[in-house]
Protein chains: 2
Amino acid sequence: MRRCQRCGQKAVVYLPQHRLSLCKEHYIEWYLKRVESTIREFKMFGKGDRVLVAVSGGKDSLSLWDALQRLGYRVEGLYIDLGIGEYSQRSRLACERFARERGLELYVLELRKEIATIPEIKEVESRPACSFCGQLKRYYMNRFAREKGYHVIATGHNLDDESATLLSNVLSWNMGYLSRQFPVLLEGDGFVRKVKPLVKFTEKENALYAFLSDIEYVEEECPFSEGASSIEYKRILSQIEEKSPGTKLRFYMDFLRRLHSLLRSEEVNLRPCRVCGEPTSAEVCSVCRLRERLSSRLLSSSPSS
Amino acid sequence: MRRCQRCGQKAVVYLPQHRLSLCKEHYIEWYLKRVESTIREFKMFGKGDRVLVAVSGGKDSLSLWDALQRLGYRVEGLYIDLGIGEYSQRSRLACERFARERGLELYVLELRKEIATIPEIKEVESRPACSFCGQLKRYYMNRFAREKGYHVIATGHNLDDESATLLSNVLSWNMGYLSRQFPVLLEGDGFVRKVKPLVKFTEKENALYAFLSDIEYVEEECPFSEGASSIEYKRILSQIEEKSPGTKLRFYMDFLRRLHSLLRSEEVNLRPCRVCGEPTSAEVCSVCRLRERLSSRLLSSSPSS
């Protein structure tokens, strides 16, 4: 039986990449300290900032919200209801219950009212759903945070997400994406600062924190995510991780420390979208162009045509 | 049935990453042109240079020797006999037969006479065999080429080798190794220029060239290479390649084009080894230190001790 390296009680977890065994209490303590030190290391935000955490109902974002609140940050939640049938309903309920039980403020933004649900858009768009869904979430999250006066948007991206994205960007040496892959994206040009305080935790570590903190999260994956290439890269990195524990963390952190600073981020000239006023590099932003495509498709498929 | 895209005859090969079907004759033509264009692209050497090709008896190095000779370069071979039992004997015979049948000059250097065989060294060294074997081959190859007045050493490293090494260096962001990973290492400080003209070909492409050119090569892998981490990385890249043909070539070539130039190669201060005079960054070079360890181990295990 493994024992907690802090107190000698029975351990509930062994973290091979850190060679660390911990009991429930000391795991939560370790996790919270590590969230705090990540926030400080990357100068993400301070105790005076108003933080909006983007929650999906899953283990990562609810653990983030929980941890930020326990660490004494001013944090409120935003749930974007994507309208993906029962999956969205269950996710929304998990977020609402989490907020209610803790007396926290949760905002809900319904994509249906803003543009259309993801399944409706999927009917007319040929791109993978993850592509336009991510775009829409970033757009509405940013607009909401800016309009409500938040200083920071925090998302629950974890080490598995970030290292898989890194592997994908490295395999094609996409220098633009690589130069923007950082756990902090600074504010400016109509964008609210965006931060990822959980980048040093694997999915499993977040799931364990959620479990030990009595967070009821939705385990179900989005039904549209199946076959995404990020899943393949996560699988590959997990294979390597199993043989060499610590590879994922080293791959991602050493990228930030050793390579990222060498990459010049290209200047992107942003201006307000002619239609909605949100920042864009084109004349009309991608969300307004998507909205245009949706209305022309709906018109052309209406019974009178 | 696929047809050759050059002449319409029955194709013997389909190259998914190039979307190319070719017959025997046009595959050999395509291969030779690609070797030539790689030599030019990286300014490896010219028709006047004396080239020494390091041959192991395998498909890659014998295909390289064959191609360089057919392209009209001044090329001779060097086989380093590592003394690995029947594996070395068969490899040596394959090189000797290849040279004899084509009337080419082959030099043989026996590691046994220079220092000790690989199995003998393995008995006393705790490092993986590939580590000291590579070191010894580079040392003796360089000394031989310099003493005999060759301008260039060419090795048969292929795309699978180079992309697996790249993946390994990227996963740990080993900036020193990354800055030196290039198909040409320039001469200087006692080092002869080293080039890898086959970096754009996969193992399979080299094997096919060898087969179609009637080169009798040894298929057997070195018995000491088992479990090497490079084999694991090759397997992973082949998994990705199967789903997305062209990934390996893009990963390697775009690294050279987009990232390599951003990496500063650290200055390494070289001086002649105090014992043998070969270039080294230490006072005594690693091969002389290995030789010292070998003699002290032999002394300590001799019957009189």
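Every value quoted in this text rests on a predicted model; they were computed, and no experiment measured them.

Asker: Tell me about the overall build of chain A, and please be specific about residues and values.
Answerer: Looking only at helices and strands, one finds twelve helices and ten strands in chain A. In terms of overall dimensions, chain A has C-alpha extents of about 75 × 45 × 40 Å along its principal axes. A buried classification covers 52% of the 305 residues belonging to chain A. Considering only intrachain contacts with a sequence separation of at least 6, the fraction spanning at least 24 residues in chain A is 70%. Here chain A displays about 15200 Å² of accessible surface, and carbon together with sulfur accounts for 48% of that area. For chain A, the distance from the average position of its 49 positive side-chain charges to the average position of its 41 negative side-chain charges is 4 Å.

Asker: Would you mind going over the interface of chain B and chain A in detail, with residue names and values included?
Answerer: The accessible area lost on association of the parts is a frequent measure of interface size. With 25 residues of chain B at the interface, the matching set in chain A holds 25 residues. Summed over both sides, the interface of chain B with chain A buries roughly 2200 Å², with 69% coming from carbon and sulfur. Taken as a group, B:Leu171, B:Trp173 and B:Ile240 account for 30% of the area that chain B buries against chain A, more than any other trio of residues on that side. Counting across the chain B and chain A interface gives two salt bridges. Salt-bridge contacts for A:Lys243 lead to B:Glu232; the nearest nitrogen and oxygen are separated by 3.1 Å. The interface formed by chain B and chain A contains ten residue pairs in polar contact (both at pLDDT 80 or more). Here the element with the most residues in the side of chain B that touches chain A is helix α10 (residues 229-243) of chain B; it accounts for eight residues. Partitioned by chemical class, the residues of the side of chain B that touches chain A number 15 nonpolar, four polar and six charged.

Asker: Any details on the sheet that holds strand β8 (residues 193-195) of chain A? Residues and values, ideally.
Answerer: Residue and element names in this part refer to chain A. As summarised here, the arrangement of the six strands in space is β5-β4-β3-β6-β8-β7, forming an open sheet in which the pairing is mixed. Sheet topology places β5 (106-110) and β7 (184-185) at the edges, where each strand pairs with a single neighbour. Pairing of strand β4 (residues 74-81) with β5 involves five bridges; the strand directions are parallel. The residue bridging leucine 78 from the neighbouring strand is tyrosine 107, located in β5. Contacts between helix α2 (residues 59-70) and the sheet are confined to β3 (50-55), β4, β5 and β6 (152-154), with β3 contributing the most and set at about 155° to the helix.

Asker: Help me get a handle on the confidence of the model for chain A, residues and values and all.
Answerer: In this model, chain A carries a mean pLDDT of 94, and residues with pLDDT of at least 70 account for 98%. On the interface metric, ipTM, the complex scores 0.88, and its pTM is 0.91.

Asker: I'd like a description of the pairing of β3(A), backed by residues and values.
Answerer: Residues and elements named next belong to chain A. Along β3, five of the six residues are buried, which leaves the element largely enclosed by surrounding structure. In this sheet, β4 lies alongside β3 in parallel orientation, the contact comprising six bridges. Its bridge partner lying in β4, arginine 50 is registered against arginine 74. Note that the unit made of β3, α2 and β4 has a crossover that is right-handed.

Asker: Outline the relation of the copies chain B and chain A, listing residues and values.
Answerer: Superposing chain B onto chain A takes a rotation of 180° combined with a translation of 0.0 Å along the rotation axis, leaving an RMSD of 0.0 Å. Both chain copies can therefore be described as sitting about a two-fold axis. Same-surface contact between copies: 100% of interface residues of chain B are shared with the interface of chain A.

Asker: Lay out the nonpolar core in plain terms, naming residues and giving numbers.
Answerer: A:Trp173 and B:Trp173 are the most contacted members of the largest nonpolar core, which has 132 residues in total. The residues touching A:Trp173, leaving out its near neighbours within four places in the chain, are A:Leu178, B:Leu166, B:Val170, B:Trp173, B:Arg250, B:Phe251, B:Asp254, B:Phe255, B:Arg258 and B:Leu259.

Asker: Run through the state of the cysteines, naming residues and quoting values.
Answerer: Taken as a whole and assessed by the stated rule, the structure comprises zero disulfides over all chains. Residue B:Cys4 stays outside any disulfide, its sulfur separated by 3.7 Å from that of B:Cys7, the closest cysteine.

Asker: Run through the sheet that holds strand β3 (residues 50-55) of chain B, naming residues and quoting values.
Answerer: Residue and element names in this part refer to chain B. Within the open sheet, the six strands sit side by side as β5-β4-β3-β6-β8-β7. Their pairing is mixed. Each end of this open sheet is capped by a strand with a single partner; those strands are β5 (106-110) and β7 (184-185). The sheet contact formed by β7 and strand β8 (residues 193-195) spans two bridges and is antiparallel. In the strand pairing of β8, valine 184 is matched with valine 195.

Asker: Break down the packing of aromatic side chains for me, with residues and values.
Answerer: With the rule as written, the count across this model stands at 24 aromatic pairs over all chains. Seen from their ring centres, B:Trp30 and B:Phe201 are 5.8 Å apart, and the 85° between their planes marks the pair as edge-to-face. Within this pair, whereas B:Trp30 is found in helix α1 (residues 24-41), its partner B:Phe201 is found in the loop between β8 and α9 (203-212), the two being separated by 171 residues in sequence. Pairwise contacts between aromatic rings join A:Tyr27, A:Trp30, A:Tyr31, A:Phe201 and A:Tyr209 into one cluster. Above the face of the B:Tyr14 ring, B:Arg2 is positioned so that its terminal group lies 3.7 Å from the ring centre. B:Arg50 extends its terminal NZ or CZ atom over the ring of B:Tyr150, reaching a point 4.1 Å from the ring centre.

Asker: Please set out the packing of helix α7 (residues 159-171) of chain B against helix α11 (residues 247-259) of chain B residue by residue, giving values where relevant.
Answerer: Residue and element names in this part refer to chain B. Contact geometry for α7 and α11: axes closest at 9 Å, N-to-C directions at 65°. By the angle between their axes, α7 is roughly perpendicular relative to α11. For the crossing formed where α7 meets α11, the hand is left-handed. Across the interface between the two elements, Leu159, Asp160, Glu162, Ser163, Leu166 and Leu167 from α7 touch Lys248, Leu249, Phe251, Tyr252 and Phe255 from α11.

What counts, and at which threshold
Along every chain, residues carry numbers that run from 1 in the direction the sequence is written. For this description, chains carry letters from A and ligands carry numbers from 1, given in the order in which they are written. For a predicted model such as this one, the threshold for reporting local features is a pLDDT of at least 70, and the threshold for listing and counting side-chain atom pairs is 80 or more; totals across whole chains, interfaces and linings nevertheless cover every residue. Excluded from the side-chain calculations are hydrogens and water; all other atoms, namely the structure's heavy atoms, are used. The way it works is that DSSP assigns letters per residue, a run of H or I at least four long becomes a helix, a run of E at least two long becomes a strand, and they are numbered from the N terminus. Relative accessibility under 20% of the residue-type maximum defines a buried residue, over 50% an exposed one, and the middle range a partly exposed one, all with a 1.4 Å probe and only protein chains included. Contacts are assigned to residue pairs that have any heavy atoms within 4.5 Å of one another. Only the protein chains shown count as cover for residues, with accessible areas throughout obtained via the Shrake-Rupley method and a probe of 1.4 Å. Charge counting follows a simple rule: Lys and Arg are positive, Asp and Glu are negative, and His as well as the terminal groups are ignored. Charge coordinates come from a single atom per side chain, which is NZ of Lys, CZ of Arg, CG of Asp or CD of Glu. The term buried area denotes the loss of accessible surface (1.4 Å probe radius) that occurs when two parts are joined, taken as the sum for both partners. Between Lys or Arg on one side and Asp or Glu on the other, a salt bridge is scored when a side-chain nitrogen of the former is within 4 Å of a carboxyl oxygen of the latter. Pairs of N or O atoms are called polar contacts if they sit within 3.5 Å, as long as, within protein, a hydrogen donor faces a hydrogen acceptor (for residues adjacent in sequence, only side-chain-to-side-chain pairs). Asp, Glu, Lys and Arg are counted as charged, while Ala, Val, Leu, Ile, Met, Phe, Trp, Tyr, Cys and Pro are counted as nonpolar; the rest, among them Gly, fall into the polar class. Strands are treated as partners if at least two bridges between them are detected by DSSP. Interaxial angles span 0 to 180 degrees and are taken between N-to-C directions of axes, which are lines fitted to C-alpha atoms, for helices over the stretch in contact. Each residue carries a pLDDT score, the predictor's own confidence in it, on a scale running from 0 to 100. By the criterion used throughout, a crossover qualifies as right-handed when its path from the first strand across the helix to the second strand runs clockwise, the strands pointing away from the viewer. Alignment of the copies relies on least squares applied to C-alpha atoms, considering only residues that score at least 70 for pLDDT in both. The criterion is simple. A nonpolar core is a set of buried Ala, Val, Leu, Ile, Met, Phe, Trp, Tyr and Cys residues joined through side-chain atoms within 4.5 Å. The definition used for a disulfide is geometric: two cysteine sulfur atoms within 2.5 Å. Two rings belonging to Phe, Tyr or Trp (six-membered ring only in the last case) form a pair when the distance between their centres is within 6.5 Å. Interplanar angles under 30 degrees mark stacking, angles over 60 mark edge-to-face geometry, and anything in between is tilted. Charge-over-ring placement is defined geometrically: NZ (Lys) or CZ (Arg) within 6 Å of the ring centre, and within 35 degrees of the ring normal. In these notes the angle categories are as follows: under 35 degrees is roughly parallel, over 145 is roughly antiparallel, 65 to 115 is roughly perpendicular, and the rest is oblique. Two helices cross in a left-handed way if the nearer one is turned anticlockwise from the farther one by less than a right angle. They cross in a right-handed way if the turn is clockwise.

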